[in-house]
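Tertiary structure, described
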Amino acid sequence: MGKPSRVNQTAISDFLLLGLSERPEEQPLLFGIFLGMYLVTMMGNLLIILAIISDPHLHTPMYFFLANLSLTDACFTSASIPKMLANIHTQSQTISYSGCLAQLYFLLMFGGLDNCLLAVMAYDRYVAICQPLHYSTAMSPQICALMLGICWVLTNCPALVHTLLLTRVAFCAHKAIPHFYCDPSALLKLACSDTRVNELMIITMGLMFLPAPLTLIILSYVCISWAVFGISSPGGRWKAFSTCSSHLTMVLLFYGSLMGVYLLPPTTHSAERESRAAILYMVIIPC
C-alpha cells in the first residue's frame with residue numbers, strides 16, 4: 001500500500017459522516033428517536049426561556065444564567081442533530097467542507113459556553129448559600145452581564161482560531177468520519193499535512209474548557225457542602241441543597257460523559273464509545 005494521495009484543502013468538496021449505524025433497517029428508528037428528542041429539546045428549552053422572560057419573579061441571577069444555558073443547549077444540539085436527521089432522511093452521508101468547518105466552530109463554541117455557564121452557575125450558588133448578605137452586590141445585573149460577556153469571548157475566540165487553523169490543513173483522499181458530526185480529532189486523523197499546531201490547540205482548548213471550569217465547580221460545591229452541613233436544621237439543609245440538585249446532576253452527567261471520551265484509554269471500539277458519549281452530552285443532557 002502506498003502513501004495516501006495528498007489533496008489540497010481548497011479542492012475538497014465534502015466529507016462523509018458515517019453516523020451511528022450503516023444498517024438501512026435501523027435508519028427509520030434512529031430518525032424517529034432523534035427527531036423526537038430534538039423537538040423535545042427545542043420546545044423544552046424555549047419554554048424555559050419564555051417562562052423566565054415573562055415572569056418578573058424569575059428575573060434573578062440564577063434564572064438569568066439558566067435562560068442562557070437553555071439557549072446554549074438548544075444551539076449546541078442544533079449544530080449537529082438537524083444535519084444528522086437530514087442525512088438519514090436523504091440516505092446521504094455527505095457534509096460539505098465549509099459545512100463541516102461551520103459545524104465544528106459552533107460545536108466548539110457552544111460546548112465551551114456550556115462549560116463556562118455551568119461554572120458560573122456554581123459560583124452563583126456558592127455566593128447565594130455561603131455569602132447571602134453580599135449576594136445582591138456580588139451578583140448585580142452589571143456583574144452578571146459582564147460574566148456572561150466574558151464567557152462568550154472565552155469560548156468564541158479559541159473556537160474561531162481552531163476552525164481557521166483547520167483551513168490550513170491538507171486532507172487525504174479518504175474522507176470518512178466515523179461519527180454523526182465533524183469531530184475535531186477525527187478530522188485531524190484524515191490529514192496529510194502537519195497537524196502539530198492543531199493538536200496543540202485541541203489540548204489548549206481541553207485545558208480551558210475541562211479542568212478549569214470543573215475545578216471552579218468542585219471548589220464551589222466544597223464550600224457549599226461545608227456551609228450546608230453547618231446548618232443545624234435538617235429542613236434548612238435540605239432547602240439549601242435542593243437549589244443545587246438539578247445543576248449538580250447536569251454537571252455530573254456532562255463532565256462524566258466528556259471524561260469518558262477524552263480521559264479513558266483508547267480501545268478497538270473507541271469510535272463507537274465516543275459516539276455514545278457524544279449522544280449523551282449533545283442530545284440527552286440538553287433534552
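Because the structure is predicted, anything quoted here is derived from the model rather than measured. (Residues numbered from 1 in each chain as written. Predicted model: local features only at pLDDT ≥ 70, side-chain atom pairs only at ≥ 80, totals over all residues. Heavy atoms only, no water.)

**Quick notes on the overall build of the chain**
Short version of the rule: Put simply, DSSP H or I for four residues or longer makes a helix, DSSP E for two residues or longer makes a strand, and each gets a number counted from the N terminus. It is over C-alpha atoms that the radius of gyration is taken, and the globule rule equals 2.2 Å times the number of residues to the power 0.38. Only protein chains enter the accessibility calculation, which uses a 1.4 Å probe; a residue whose area is less than 20% of its type maximum is buried, one above 50% is exposed, and one in between is partly exposed. Should any heavy atoms of two residues lie within 4.5 Å, those residues are counted as being in contact. Here the open area of atoms and residues is found with the Shrake-Rupley method and a 1.4 Å probe, where only the protein chains shown may cover a residue. Think of it this way: Lys and Arg go in the positive column, Asp and Glu in the negative one, and His and the chain ends go nowhere. Every charge is mapped onto a representative atom, which is NZ of Lys, CZ of Arg, CG of Asp or CD of Glu.
Along the backbone of the chain there are 12 helices and 5 strands. In terms of overall dimensions, the chain is globule-like: its C-alpha atoms have a radius of gyration of 21 Å, near the 19 Å expected for 287 residues. Within the chain, the fraction of its 287 residues that count as buried is 44%. Sequence separation of 24 or more characterises 77% of the internal contacts of the chain that already satisfy a separation of 6 or more. Carbon and sulfur atoms make up 71% of the accessible area of the chain, which totals about 15,000 Å². Across the chain, the mean location of the 13 positive side-chain charges is 6 Å away from that of the 13 negative side-chain charges.

**Thoughts on a nonpolar patch on the surface**
Quick reminder of the rule: Nonpolar side chains (Val, Leu, Ile, Met, Phe, Trp, Tyr) are joined into patches within 5 Å and like charges within 9 Å, using only residues with over 30% relative accessible area and no salt bridge. The salt bridge definition used is simple: a Lys or Arg side-chain nitrogen within 4 Å of an Asp or Glu carboxyl oxygen.
Taken together, the side chains of Leu146, Ile150, Leu154 and Met208 make up a nonpolar region of the molecular surface, amounting to roughly 340 Å² of accessible area. Considering every element that reaches the nonpolar patch, the biggest residue donor is helix H6 (residues 141-166), with 3 residues. Along the chain, Leu154 falls in helix H6.

**Remarks on the packing of helix H1 (residues 27-54) against helix H2 (residues 61-78)**
Spelled out, the test is: Between N-to-C directions, angles cover 0 to 180 degrees, with each direction set by a line fitted to C-alpha atoms, over the stretch in contact for helices. Roughly parallel means an angle under 35 degrees; roughly antiparallel, over 145; roughly perpendicular, 65 to 115; everything else is oblique. Crossings are assigned a handedness: left-handed for a near helix turned anticlockwise from the far helix by less than a right angle, right-handed for a clockwise turn. Residues were grouped as follows: Ala, Val, Leu, Ile, Met, Phe, Trp, Tyr, Cys and Pro as nonpolar; Asp, Glu, Lys and Arg as charged; and all remaining residues, including Gly, as polar.
Viewed as axis vectors pointing N to C, H1 and H2 meet at an angle of 155 degrees, and their least axial separation amounts to 9 Å. Taken together, H1 and H2 sit at an angle that is classed as roughly antiparallel. Regarding H1 and H2, the two cross each other, and that crossing is left-handed. Residues Tyr38, Thr41, Met42, Asn45, Ile48, Ile49 and Ile52 of H1 form the contact with H2, whose participating residues are Tyr63, Leu66, Ala67, Ser70, Leu71, Asp73, Ala74, Thr77 and Ser78. Grouping the constituent residues of the contact of H1 with H2 by class yields 10 nonpolar, 5 polar and 1 charged.

**Digging into the nonpolar core**
Spelled out, the test is: What makes a nonpolar core is a set of buried Ala, Val, Leu, Ile, Met, Phe, Trp, Tyr and Cys residues whose side-chain atoms join them at distances within 4.5 Å.
Counting residues in each nonpolar core, the largest one holds 73 residues, and the members touching the most others are Phe15, Ile177, Leu187, Tyr281 and Met282. Broken down by element, this core gets its largest block of residues, 19 residues, from helix H4 (residues 97-130). In this view, Ile177 contacts Phe15, Leu16, Leu17, Leu18, Cys100, Cys182, Asp183, Ala186, Leu187 and Leu190; residues no more than four positions away in its chain are not counted.

**Some details on the UniProt feature "transmembrane region" (unreviewed entry) in the chain**
What counts, and what does not: UniProt positions are given in the numbering used here, feature names are shortened, and annotations may be inferred rather than shown by experiment.
UniProt records the feature "transmembrane region" (unreviewed entry) at residues 29-53, 62-81, 101-123, 143-161, 200-229 and 241-264, using the numbering of this structure. The span residues 101-123 shows a helical share of 100% and a strand share of 0%, and its end C-alpha atoms are spaced 33 Å apart.

**Some words on H2**
Note that an α-helix has 3.6 residues per turn; residues three or four places apart therefore point the same way. Our working rule: For a helix, the expected span equals 1.5 Å multiplied by the residue count minus one.
The end-to-end C-alpha distance of H2 is 26 Å, a good match for the 26 Å that 18 residues give at a rise of 1.5 Å each. Buried residues of H2: Pro61, Phe65, Ala67, Asn68, Leu69, Ser70, Thr72, Asp73, Ala74, Phe76 and Thr77, and no others.

**Some remarks on the pattern of salt bridges**
For the structure shown, the criterion picks out 3 salt bridges. A salt bridge links Asp14 to Lys175; the shortest N-O distance between them is 3.8 Å. With Asp14 in strand S2 (residues 14-17) and Lys175 in the loop between strand S4 (171-172) and strand S5 (176-177), this pair connects stretches of sequence that are 161 residues apart. On the basis of relative accessible area, Asp14 is assigned to the partly exposed category, the value being 24%. The salt bridge partner of Arg125 is Asp124, with a shortest N-O separation of 2.9 Å.

**Describing the sheet that holds strand S3 (residues 94-96)**
Short version of the rule: Any two strands with at least two DSSP bridges between them are considered paired.
Pairing is mixed across the open sheet formed by 3 strands, whose spatial order is S3-S2-S5. The open sheet has two edge strands, S3 and S5, and neither has a second partner. Strand direction decides the pairing type here: S2 and S5, joined by 2 bridges, are parallel. Bridging across to S5, Leu17 finds its partner in Ile177.

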